[in-house]
Every structure is written in structure tokens, then in C-alpha cells.
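Below are the chains, spelled out letter by letter.
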Amino acid sequence: MRPLRTLAFAFLVSLPLLAQSPAADWRTIETPHFRVHYPAESEAWARRSAARLESIRERVAAEIGYTPAETVDVLVSDPVADANGMALPILGWPRLVLWTSPPGPESTIGHYSDWAELLLVHEEAHLVHLLRPSRNPWRRLVSRVLPLSPIALGAPRWVTEGYATVVEGRLTASGRPNSDLRAAILRRWAQAGKLPSYGRLATDDRSWLGGSMAYLLGSAYLEWLEERAGPGSLRNLWARMTARHARSFDEAFEGVFGDSPSDLYDRFRAEITWRAMEAERLLPVQEDELWQDLSWNVGDPAVSPDGKRLAIVLGTRDLPDRLVVWSTEPDEKAEKEWEERRKEILERDPEDVPAERTKPLPHEALHTLHARDGVEPTMPRWMPDGKSLLFVRFEPDPEGFLHPDLFLWTPETGEVRRITREADLRFPDPSPDGTWAVAVRHRHGFSQLVRADLATGEVREITPPSVEEVYDRPRISPDGSRIAFVRHREGAWRLVVRELASGEERTLAPGGGSSPRGGGGTHPTSTISSPAWGQENTVYAVVGDRGFIDVWAFPLDGGEPGPVTRAAGAAFAPAPTPDGLFYLSLEPDGLDLHRIVPGRAAVLPDLPPELAPIIRPPSPTPPEPFATAEVSEDRPYGFGRQELLPLIGGSGSSSGGSFELGVRGGDVVGRLDWLLLGALAGSDGAEGGALAAAWRGWPVEVGFHLFQAEEIDLDRRGAELSARWDRRWSGGVLRLDGRALAGQVESLDQEIASLSAGTALFRRWGSWRLEAGIAAGHESGNTDGDRWSRSTGRVRFGLGHDDTRLSLSWSRGTSSDVRHAFDLFQLGGVETSLLPESALSGRVFVPALPAGTLLGEEHESQRAELDLGFLPAPIFFERHRLWSESRGDWLSLAGMEFRWSIAPIPLGRVPALDIRLGIAQVLEDVLEDETRWWVATVWRP
């Protein structure tokens, strides 16, 4: 992870991504080997999954050859409205995280008999595979400190993800290994010579779908290895990796398969490349028009009602997606300019040979809608008047969880109007009169078709919500009487047309069974998606056939369905026009936009099954259904099961240091976090003890901090109560907090009580980011019978830009009616975990300087930070001045500092942590030209 320059923002936004809010109505179900925790709204999905967990565990263990003894905590959530899951194979306390939103059929994980079962099999395979402990005594001892198995520590990502993918395919007879899309991707990449090298197989974030190759190509490589070495060879690999005789992954691999993983991968890559080229030789070729050469992420194209404009979402590797509008008419100006450039080249040098044009000229965008505050537009559809576009943005709610909502954009004026809020709608399609739209709603594990009023945002259901059925991409017929959509039911996707008035339905393509083929034959299909209404009562849809994915036409008058494309890789997202059809074609660098005049494509010939995996392998025999067990009644989550983790921290610097040792306690959801810490210190450090806790089971977080600490020759003790409220929106976070402190400074015979409040704001506009805060407090006390009070205030401001990676910040603090040196602002020192924030209101921590380097009633600071990328940490220049009457001189320093911050991660038993590591030179004062260093950790509940 890169050093985080905006530490407060990282703290504010990272917690919601781990699970649903701790303040939600959490419930718990227990089975013999699982504790399933879920928000009450997701009960139906969670109970249905929990009923199959034990059966899935047994099957996975039998397949892998190991049965872990640990009880697994399972968190059911849906923080970003996306299909995913996560396994944490931590020895002694493993976790599973399951997101309820289902994938659509066009996803790489869209081929499933049951989404929850596929997700559970894949993630449970990770746990069973990666929880196998070492039989080596030394490694077992090390695992008590670093609780990970040799496989989890030593196996490359392509092994761990690829093997879980192999298991998902074997135990469900679906999944990626049995899908059309895996075959199409491997075939097209091989034909283009773009299969990744072994060094890029585990992960490659610089290539499109590079991160998916660990699943897709990794699983195919493992299947090839086992076919080559015989059944059980993968089990032998895991046994060698966990043996008493310690081995690296490469050593264990070579002992089973006879050669290194990289050398055998080269052979595997050569073989499937040959198979892909053989398939290309046997495949009929269809000529069509490459309308636009694209790259990276591309959304479904949408053609305006008159066919003259096309809207599409375009993405790049490093920038947010944008929604563009193109004209579908020939760009005569661009053609003329291109010809003039060729003519100019020949005029300057008649012997030159101008480049031949093999691709269409780039289309100039008529209008562009950029991401707003990092939230990207997606899923556009033209309104019937052809003047506006209905689209979707995934917007955060006040707690930071994402919800897809409907928006309306008028390109000519640039106006964007929000239609729904937290409605969880996707794939909208407006009615012919433009007053409402059909859409899919995925919420809490339920899926359904709904209609949304485009004036009021009111949502009404068309079909009842279901956890057993999944809906995708509904499209309204031109006359507004019917809806075409795909639905996952009884283990397969099907293309369905529904009469709106009567609810009567007609199935056009029985996915998972037999899909029509040219010549009257049939063949099982695994892909049906993306319906679109064409001319003359025809519905187009994407159909998979033996690993080839094409657009098919389905006449509603009883005519025979058939393919209209014959893509080398895959064809997606048909968008009919009055005189043709746009579609997206799969290529290794992204999806290209093609156009054809619909007609009958050539029949796909029978291909030898030996060409798998670049064609879809023969359909496996469906396994016995997973057993469904009775699950216990749920119970309120309450405080949750408290778990402990030992902590080590502290600080060291040129001025001294401290050593902190303690324990963190808390629950897996994060409702209650607490720390018990003790510290020993040398000079310029803090020693003592603290007990701190945070309760997040209410909308307002409540904290408590009891402390006793000796620092700067002051013995301080006391208690702090705090409350904090956060509100999030796209591109911004607002925080309000208040604190009350009661304490003593024994060395001064001083009693103190204080109240403080503050607000912090983070805001992002495109590449710009703003951080601002204001805090105020009032403190009163009694020193040797002398009652006193003082007020403090502080303002801070920071501005940064991603492109330059430059951050500028400014801070100003003031206090009034100061009676004692203890009450002055103090510059220098390193922050400690022992003291709460309100006890530190007068401290200005600069770890390069000794504590108390400067004192004053007023403080001002400036800092500039530049991240150059090639350095291990950003470089900085900062300066401070403190004064009581007249402004003092600046004290400046410059250096390099790595700063990292994480919010509490209850899933991993980790509290909030700040780390600072740096080196600097002081440019003024008595420490001038002295090089200073520091390292510090601060724990918070």
C-alpha cells in the first residue's frame, strides 16, 4: 500500500468497506463449525446459506483432503452493491465475508447453479486449503506469532485463487471452469499472443483483466498439471508444502510435477496457444465493421431512438470512467483531415510511404459526462425524446455504503438530475412515454424487477423479491407492452418475455438445457444475457455455445433462433439501430465496438473436445445437491464474542523513546473495541498505563479512555468521555466530535476539567482534495487553591492534488488566559497511545524535535509534502512558530517521512493504528544542521 498522505480520510472511509455498520441490527446463527453474523434485513439470504454450510464444508474437505478443526466466523454484508467474497485463513480464528449482491450472466463469475453455493464453495475452499498447518516443529512455533500456514505464506496467488476456482468447478458443475467466458478469454488471448508470462500470472494490474488471470488461467494450468501428473497430484503438492521437511513452493512443486512451475507453465502456454490457433483454423470467419477501436473497461452501448447518436461508458487504467456521446454518422471532417495529412507527407517527400489505415479514426465526443467526486456514471439508456440519458451512479449513504441510483443527464445543457435515493436500482430502461423505467433491484440478497417513476422516484415492484431468483437487464418493447429480461432460476439463466398487463411469461431460451443451433441441432449453453429489442418483433440476446459467445436473434413470430455474429472471442451487449446492430467484441486490451447488418451467421462446427480449455469442456455430470440442514434460531448479536490480540508498539527517536505492550479486545463486527496498554519510557517518552474503549453499536460512537502517564516530568491521570458522529457522501466525509476530560497533574498539584468539540471535513473534487478542521475547547482547574480557566481554538487546512502528488497544509492555534507553562502550546515529541486526544490539545507533535522545544500561547504551522513515487516515502518541508506576545521566529525542518494509518479492522482483530517513520534535518535553532530520526506507533480502539 502506498503511504497515505491524507491519514484522516483513510481512517474515516476504510471501516465501512469491511462490513455493514456495527450499529445495524446484527443477528447470529450457529452451526457446528460456523458462526454466521448478518444484518436482520439479510436474514433470508443468510439462513439459506447457513443451511448448506456444513454440507459444503464436508464436500470441500473431501475434495482437498484436509478437514480444519477451527470454527469459522462468517460475516454477511453488502457494502458496495457488488458480487464478491473474502476468506481470511488465519490459523485459530478463520473468517469468511460474503456479499449478497449476485453477479449477472456476463460476469466472469456469472455461470452458477446457485450464487450463494458457488460463493461458499470458493471461499470455503480457500479456508480448507490454506488452514492446513505445517508438520515442521519450527514452522508451527512461528505460526503462533504469524498465524498463517506454509501454503498461505508460500503459494503464489495464481495457485491459491486458481485452486479455489478448480474446486468450485468440480463441486458445483458450474463456475468459471465450466463457463463459456473462461474459454473465450483464454482462446482470444492465446490467439493474440497475449497470454501472460509466468511472472505476471499471479497478478498484473497493468493489463486489462490481468487480475482475473489468477482465477481463469491459473485454474486451467492446475487442471493441466493434474491431468499430466495424474489424479491426486495437487493433493501431493499441498502435503509436500506442509511437510516436516521445510520446502519452498518451487521445491514442493518440482518434487510432484518434475520441473519448475515457470518451465511447465511455458509448455502449458504453448499447448493452449496451439489449441487456440487450431480452433481459429476450424472456425468460420465473419466479416463485420470495426466501428471503434477501444481499450480497458467499456460499458454497454446505447443507441438513440433515431439511431444518430451512441452513448457509451469508457474507462482507462488510471482514470475514472466517463460517459460519452458520439455521432453514428461518418466523421467527414476527420476523414478530410486524415487525407490532407497523407497528401502533405507525400508532397514533402514523394518517396515516402504513408501509413495505411487499418482501424477507424477515433470518434470525437459530442458530449462527455465525467465521474463526479470519483463516482462514475454507468448503465446509460436514452430517453424516448433522444435528448436525455437515464443512467446509474453508485452513491454512498450517510454511513458510506454504496447504492445504485437513477440519474437523468441532458447533454445539451449539462444538467444532471437525481431521481432516486438509496433505491438500489440498476439496468434501467425507460418506457416509450418517458414517465417510468423498468429496473432491477438487488437488496439484502433479494432480486426483483421494479418500475421507477421518473418524476417522483417512487418505486413499485413488478415481481416479488426473491433470494432464489436473480434478474438482469430488463428491456421494454417499443410498444411498451412487454419486457424482455434474463432470469436465473433452477440453476440456469433463461431469456424471458413478460406481458406487463397480464404478467404472462414466455421463455425464449432455456439456458442450461438446450439452446437452438443452426441446422436444427442443440447443444447445452451456459451464457444467456443482454436482451435487446430489434426490428420486426425480434429480441436479440447474447448466447454461449461451447465456449463461443455470440449475439443471437430470437423471432417472436415462431421463427427459428440463430446467431447473427461469429466472434473469434465473444460478442456482448447488442444495441440495435434502424439499419444495423452494434455490439462489443472481446479483445485482450478491452472491448472493441463493432457494427453489422444483422443476418444469419455461419454454423459453429463441432470442435474436438481435446481443444479445451480454449473451448468449453463437456458439461460435467451434475453433483448431488448439497444437503440442507436445519439451522438454529437466530439470536441478537449483542456485544459479540470478545476476542483478544496482543499488541506491541511504542516509539523511538533521536530524543528518546518508549515501549508499549498490551492487549486488544473486541468482536468480529466491531461494535466494541477496547485496549489495555502499559508503557515504559526513557527520556522524552511517556510511561504508565491506559484502558480505552469505543462502542459503535449506536449511530453515535461513544468512547472512554482512562489513563495514568508520566511525561515531560509530569505525572498525569484522568478519564475522557468522547462522542463522534460521521456523515459520508460522494467525495466527502464530515465528522463531529465532542470530548469531556477530568484529570489531575500531581506534580503541579493541579486538577483539570475540560470540554472540547471539533469538526473535520474531507472533500474531493476530481483530482483535488481538501481537508479542513476546526476545534475549540474550554478548560478549568484548581492549582494550589487558585481557580483558573482557559479557552483554546485551532484551525487546520490542507489542499492536495493527485496529479502533482503535492499536499499543502496550514494550522493555527490560540489559547487565552494562560496561567501556567503546562497550559502553553508545546512543540515537539512523539504521540503516545496512553493519552487521549483531549489531554493532548496543547501538544504539537513533531517527532524530529524534543518535547517542549518551543512554548507559547499561539501556534502556527505550514507543511508542504511531495510524493515522488520512486522514493520510499514523501519528502516534506515544514515550519512552526510559537509565541505569547509578539510573533516568534520560524523553526524549520526538512526530510522524508512515511505515514500510514488504518481504521479499526475488527475482522482481523486489529485496532486503529498510526505509524510514522522518518528522518529530517532541522534548519534553525540549537538543533540546526542536526539530522534527526523517529519511528512511532499509536494504537486507538
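Residues numbered from 1 in each chain as written. Predicted model: local features only at pLDDT ≥ 70, side-chain atom pairs only at ≥ 80, totals over all residues. Heavy atoms only, no water.

**Comments concerning the environment of R909**
Residue placement: R909 occurs in the loop between strand 49 (891-902) and strand 50 (912-922). For R909 and G665, which are 244 residues apart along the polypeptide, the C-alpha to C-alpha distance reads 7.6 Å. In contact with R909, not counting residues within four places along its chain, are W93, R95, E643, L644, L645 and R664. Here the side chain of R909 touches E643 through a polar contact of 3.4 Å, side chain to side chain. Of the polar contacts made by the side chain of R909, one reaches the backbone oxygen of L644; its length is 3.1 Å. (Helix = DSSP H or I, 4+ residues; strand = E, 2+ residues; numbered from the N terminus. Contact = heavy atoms within 4.5 Å. Polar contact = N/O pair within 3.5 Å; in protein donor to acceptor, adjacent residues only side chain to side chain.)

**A closer look at the packing of aromatic side chains**
If you walk through the whole model with that rule in mind, you get 23 aromatic pairs. Centroid distance F639 to W695: 5.2 Å. Interplanar angle 50°. Geometry classified as tilted. With a gap of 56 residues between them, F639 in the loop between strand 32 (635-636) and strand 33 (643-653) and W695 in strand 36 (residues 687-695) connect regions that are remote in the sequence. On the basis of relative accessible area, F639 is assigned to the exposed category, the value being 53%. Ring centres of W695 and W698 lie 5.9 Å apart, and the angle between their planes is 75°; on these two criteria the pair is classed as edge-to-face. By relative accessible area, which is 16% here, W695 ends up buried. (Phe/Tyr/Trp six-rings, centres within 6.5 Å; stacked < 30°, edge-to-face > 60°. Buried < 20%, exposed > 50% of the residue type's maximum accessible area, 1.4 Å probe, protein only.)

**Quick look at unusual backbone geometry**
The residue after A612, namely P613, is reached through a cis peptide bond having omega 15°. Relative to the elements of secondary structure, P613 occurs in the loop between strand 31 (590-596) and strand 32. Not every positive phi belongs to a glycine, and H444 is a case in point at roughly 55°. Inspection of the secondary structure assignment puts H444 in the loop between strand 16 (436-443) and strand 17 (446-453). By relative accessible area, which is 30% here, H444 ends up partly exposed. Non-glycine residue S530 carries a positive phi angle of around 55°. As for its position among the elements, S530 is in strand 25 (residues 528-533). Exposure remark for S530: the relative accessible area of 6% places this residue in the buried category.

**As for a nonpolar patch on the surface**
Side chains of W765, W768, I774, V795, F797, L799 and W810 sit close together on the surface and give an oily, nonpolar patch of about 660 Å² of accessible area. Secondary-structure elements contributing two or more residues to the nonpolar patch are strand 41 (768-783) and strand 42 (786-801). Looking at the nonpolar patch element by element, the count peaks at 3 residues for strand 42. Along the chain, F797 turns up in strand 42. Residue classification places F797 among the partly exposed positions, given a relative accessible area of 40%. (Patch = residues over 30% accessible without salt bridge, like charges linked within 9 Å, V, L, I, M, F, W, Y side chains within 5 Å. Areas by Shrake-Rupley, 256 points an atom, 1.4 Å probe, with all protein chains shown as cover. Salt bridge = Lys/Arg side-chain N within 4 Å of Asp/Glu carboxyl O.)

**Brief notes about the confidence of the model for the chain**
Here the chain averages 90 in pLDDT, and 95% of its residues register 70 or above. Contacts from residues 1-19, a stretch scored under 50 in pLDDT, to residues over four places away or in other chains number 61 contacts. Taken together, the stretch residues 512-524 has pLDDT below 50 and engages in 32 contacts with residues farther than four places along the chain or on a different chain. (pLDDT = per-residue confidence, 0-100.)

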